[in-house]
Amino acid sequence: MRILVCVKRVPAVGSRINVTDDGQQVDTAHLGFTTSPHEECAVEEAAQIVERLDGDDHAVVVLTLGPEASAEQLRYAASVGGSEFALVTAEGGLDWDPQRTAVAITDAVRELEAAGGLFDLILFGNESADGGNFQVGIRVAHALGRPIVNGIKGIDVGERGFTARRETDAGYEVYELEAPCALGVKEGINLPRYPTMKGRLASRKAQIQELDCAGGADAGGQSRVRLHRPPERASTTVQLGDSAEAAPAVVDLLDELGVL
Amino acid sequence: MSDFPARADCVVIGAGIVGNCLVGHLSDLGWTDIVLLDKGPLPNPGGSTGHASNFIFPVDHSKEIVDLTVDSQHQYEALGLQNTCGGIEVARSPERMEEFRRRMTSATCWGIEAKLLSVDEVVEMVPFIDPDVILGGFYTPSVSAVDSLETGTQMRRRATEAGHLQTFANTEVLDIETVTGANRPRISAVVTDRGRIECDTVAIACGVWSPKLAEMAGATIPLTPAVHQMVDVGPFDALVETNQELAYPIVRDMDTFCYERQSAGSMEVGSYAHRPILHRVEDIPSNEEAALSPTEMPFTPDDFDDQLEQAIELMEFLGDGEIKYAINGLLSLTPDAAPVLGPTPEVENLWSVAAVWVKEGPGVGRLMAEWMTHGYPRMTDPHGSDVTRFYPQDRNVIHIETRADEHFNKTYGIVHPREQWATRRNLTCGPAKARTDDLGAFYFEAGGWERPHWYESNADLVERYGVEGRTHEWDARWWSPITDAEHMHLREHCGLVDISPFQVFEVSGPGVVPYIEKMAVNKCDLPVGRSIYTPVLTADGGFRSDLTIVRLSEDRFRIATGAFDGGRDEYWFRHNLPADGVHFENRTEAVATYGVWGPNAAALLQTLTETDLSQEAFGYGQVRDALLSGIPTQMFRISYVGDAGFEIYCPTSAGLALWDAITQAGRDFELRPVGAGVYGTTGRLEKGYRLMGAELESDYNPVEAGLARPRVKAADFIGKEAYLAAREAPLAAQLSTLRFESLRCAEGYDRFPMGAGNEPVLTPAGERIVDSHGRVSRVTTAGNAPSLGAYLAMAYLPPELAAVGTELSVMYQHEQYPVTVAATGANLALFDPDDSRMKA
Ligand SMILES: Cc1cc2nc3c(=O)[nH]c(=O)nc-3n(C[C@H](O)[C@H](O)[C@H](O)COP(=O)(O)OP(=O)(O)OC[C@H]3O[C@@H](n4cnc5c(N)ncnc54)[C@H](O)[C@@H]3O)c2cc1C
């Protein structure tokens, strides 16, 4: 089985997000970067699917589109179950619009499949943590002519494809998809593992294939006008006391809030 | 919650371990109106305390740090917040095994139980260590881990319940205001995002943010935020099964600069091996901007990979552990790695309480509360941590960062007591630097100055005087036999010593006599041209300094003090200036100083001057203006090396010409340049002269140091009451000179104790010697006495042992060497005890 997981490098932000002076970027001066959380779950899910299968000719290919530094996210994926890695170098960093991104990833998938065979499953995160466009996965699947369902919280391997579950207010919707197909997964589908120390060390040796997919610069055309920081909601912390002595004050407060 | 106050006696900024412990102790000492502020929420406001590994290894080579650490352990223990699990340092190299012998020496000195372990013994205690990787261990049973957050909470509660403290979390200090004070700005208020608090005293306990807070007031706290990487890995069955937070001793893998500390089912692995990663305060995110907390910066995994490999080498099972948490944690580094405590020199009533670890937090709280209450700490002499030790040129960000960069990887390093800095050299040089360079001077740094320690041009003297080298590399490091040869040459002919790094101050004005009398123990109101060597005391009667004062005119005195003491002494003299009537000036940069000593010194100098240099005309301790080769100088007949001669002061601009004139004339007198190795150690030691920071500390008084004069002057001075009491009290310790009877080590060659402060004086049977005040006898200085053919040491001894002839021993590198008390009391000189040579 070959599974492709598409991940995105995003800033690891605190509760206040600063914007650069030109209003075009999140100010990442103090920030580290991470993998968008839904996609971290996607990597975990792919690793678990493959681990449950017999044989060892399976692959979890992890692809990211982003700046050179996105190699960090691929190495992280290598330390938690990824086996092959592709970096689509995106000029201009992370800010391609979703349509252009989708075109580039589609091209990359075709290139990878031409060399290594079809992917039985392509996993996306439901949406990226920073852009939140909810589009890339669907556009790629559409361009490749493959079925896709978003919002997935459970995947099983079936005879001819995959069974996927989506959470609704009332319970689960269950989908059966024939391979090759695509799914957009949501945080909560699993609890992603942490890298082991050995895993981290091994990931340093992971080979990263660089792909140059311009993505059709004229695709899309959505452009950013300006990022704004929403007005801050002031919150104050009131210490109710410490240790057991705080209990009565806690009870009073819960009472006041009407939750008792 | 109380209303925000408009006034307080004292505002403490920062509620990490340090600020919390400070308010607890201030309250204990009777401060009744304290406000504690922190910009973050309690109990974990987001500083370094919140993510510390919280362990304490008490053994260190520095007395000051050990005193603070052990006191802290007692306080944590008393609060029931200490878990004593023991700790093992493991060695991978023979050099580290040697270092463990030094650590055993320190442990013996401070009375901390410790033991050298064989590889098998290490593995018996920590079965998952790979025996093939290590050579042995150093075990300290009293190593502990503490709850620093709960300790902080309890310290605050103690002060709050006493009615002395109001605490405000989520309150950011935006400015610190000052008003014009007697001779420098004085604290007046703290401005926060919730209002302004007028106050008399401010203490900055803001960890890595401290420099920014100091800057608000126009002061400096020289430290830089620096990364210490730490990861939490696990879970491991072997640890989970123990069902304890700490079932195994904490392990420090010293040669890889790495530690492994059990934390319930997982292991914290921390590193001091990665490249130094320094940040500027303005780069630290706010609590809201930070993904975790402000001091848990994003982990940079590439920097940690080597450590992961080394950790797995030591404990293979770690490889399968998951890295659940990984941070670039922030802590504070100062230019010399020691804390920065005490009054800031720039602003009155502004205190620095920074660059302190969890392991020292409660002790520092006590020390600082004593300092702020009594004017100087009582629990230990703080000179190595005193923030005023730094000179103005040490306080800029380039210096701080360059030095921090140099010493970060020495955190677990083997640092030689004489080790010299590699960076930031050649910044302050005497006027004859070009000449001393040509002579092959080997420079030691002295208070930022380049000071020749010996001269390669004197290498020929080694053979002439038959000086022997040292067998052990450790003993010979940062040392040269040339020093002993220079010493012999000075005693036989004469030597020229560049002492320009001397710190020179002048005080003048109509109020100068009462002022200088207030500062000094000995009488200064003497005729013009006379000099006074005098202790300077704390209010409690301990040494704050010792220095030489010269009366230049009716209303002007010059003060000369050591290169390492200038910052602290300048602070003290300025701090005590009256509101008007006395002017203080630091003349160090303006004045060059040379010493010419030895039997030929006077004859040599006489060829350059018409001033009569005979003993009859120009006696010991006198100062005269004199033209030397046409250069205006001030000549001062004095000696720290035990031979007749002069200190010569001249304008820095004439310093090169004067050097040339003296060396030229010296050709007929066998003059050689002589380094500070003679001036500071061999010459001094033969004469039993005391040195500030070595023999002289605030823990001891002039009576014990043998520096009490027969009579006490009538004028009042700081520490007088305590000094008078000490003169009446039974003597608890007496400074003595010890002679080594043998330096032969078990391997059959001679070793040479360093006198670095951590070598205990023991009974011949190997027992520690502690006086009735609890002070341990230890070597304060050690060195060769080439003219005596002996190796000497100085130490304080209880009176019953301080008798010539008493047989004792000194521990060095965990071996005992026999010594005999050779002199005690006022005159500690073994060479020319009658000073006949100085009067010749
Ligand atoms: C990963 C790691 C592990 C460590 N492990 C150990 C260990 O095992 N043992 C050990 O002894 N030490 C350890 N340390 C070091 C230790 O954490 C620190 O030395 C110690 O916590 C410093 O305490 P502090 O009170 O000075 O500073 P902090 O705890 O940083 O407190 C300073 C406080 O000042 C407040 N503040 C700053 N600016 C303002 C402002 N403008 N207004 C109001 N408040 C302000 C901050 O919010 C903060 O709460 C470790 C450090 C790191 C990084």
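Because the structure is predicted, anything quoted here is derived from the model rather than measured.

Draft legend 1. Broad picture of the overall build of chain A. Along the backbone of chain A there are 6 helices and 11 strands. Over its C-alpha atoms, taken along the principal directions, chain A stretches across nearly 65 × 45 × 40 Å. Scored against the burial criterion, the 260 residues of chain A give a buried share of 42%. A total of about 13600 Å² of accessible surface is found on chain A, and carbon and sulfur atoms cover 49% of it. Within chain A, one finds 24 positive and 40 negative side-chain charges whose respective centroids are separated by 3 Å.

Draft legend 2. Structural context of unusual backbone geometry. Residues and elements named next belong to chain B. The omega torsion across Leu-42 and Pro-43 is 5°, close enough to zero to call that bond cis. Structurally, the position occupied by Pro-43 is in the loop between β2 (34–37) and β3 (55–56). Geometrically, the link from Gly-234 to Pro-235 is a cis peptide bond, its omega value of -10° lying close to zero. Summarising the element assignment, Pro-235 is placed in the loop between β13 (224–234) and α7 (237–240). In this structure, Asn-54 is a non-glycine residue whose phi angle is positive, near 65°. Look at Ser-629: it is not a glycine, yet its phi comes out positive at around 55°. Topologically, Ser-629 is positioned in the loop between β30 (623–628) and β31 (631–637).

Draft legend 3. Here's a closer look at the nonpolar core. All names here are of chain B. In terms of nonpolar packing, the biggest core is built from 37 residues, with Val-11, Ile-176, Val-202, Ile-204 and Leu-213 touching the most fellow members. Within the residue set of this core, elements represented by two or more residues are β1 (7–13), β2, β10 (173–179), β11 (186–192), β12 (195–204), α6 (210–217) and β20 (350–354). Once you skip the residues sitting within four places of it in the chain, Leu-213 turns out to touch Ile-13, Val-173, Ile-176, Ile-204 and Cys-206. In this structure, Val-146, Ala-159, Val-353 and Met-368 belong to the second largest nonpolar core, which totals 35 residues.

Draft legend 4. Spatial organisation of the confidence of the model for chain B. Model confidence for chain B is summarised by a mean pLDDT of 96, while 100% of its residues fall at 70 or above. Confidence estimates for the predicted assembly give a pTM of 0.94 and an ipTM of 0.88.

Rules used throughout
- Residues numbered from 1 in each chain as written.
- Chains lettered and ligands numbered in written order.
- Predicted model: local features only at pLDDT ≥ 70, side-chain atom pairs only at ≥ 80, totals over all residues.
- Heavy atoms only, no water.
- Helix = DSSP H or I, 4+ residues; strand = E, 2+ residues; numbered from the N terminus.
- Buried < 20%, exposed > 50% of the residue type's maximum accessible area, 1.4 Å probe, protein only.
- Areas by Shrake-Rupley, 256 points an atom, 1.4 Å probe, with all protein chains shown as cover.
- Lys, Arg positive; Asp, Glu negative; His and termini not counted.
- Charge placed at Lys NZ, Arg CZ, Asp CG, Glu CD.
- Core = buried A, V, L, I, M, F, W, Y, C linked by side-chain atoms within 4.5 Å.
- Contact = heavy atoms within 4.5 Å.
- pLDDT = per-residue confidence, 0-100.

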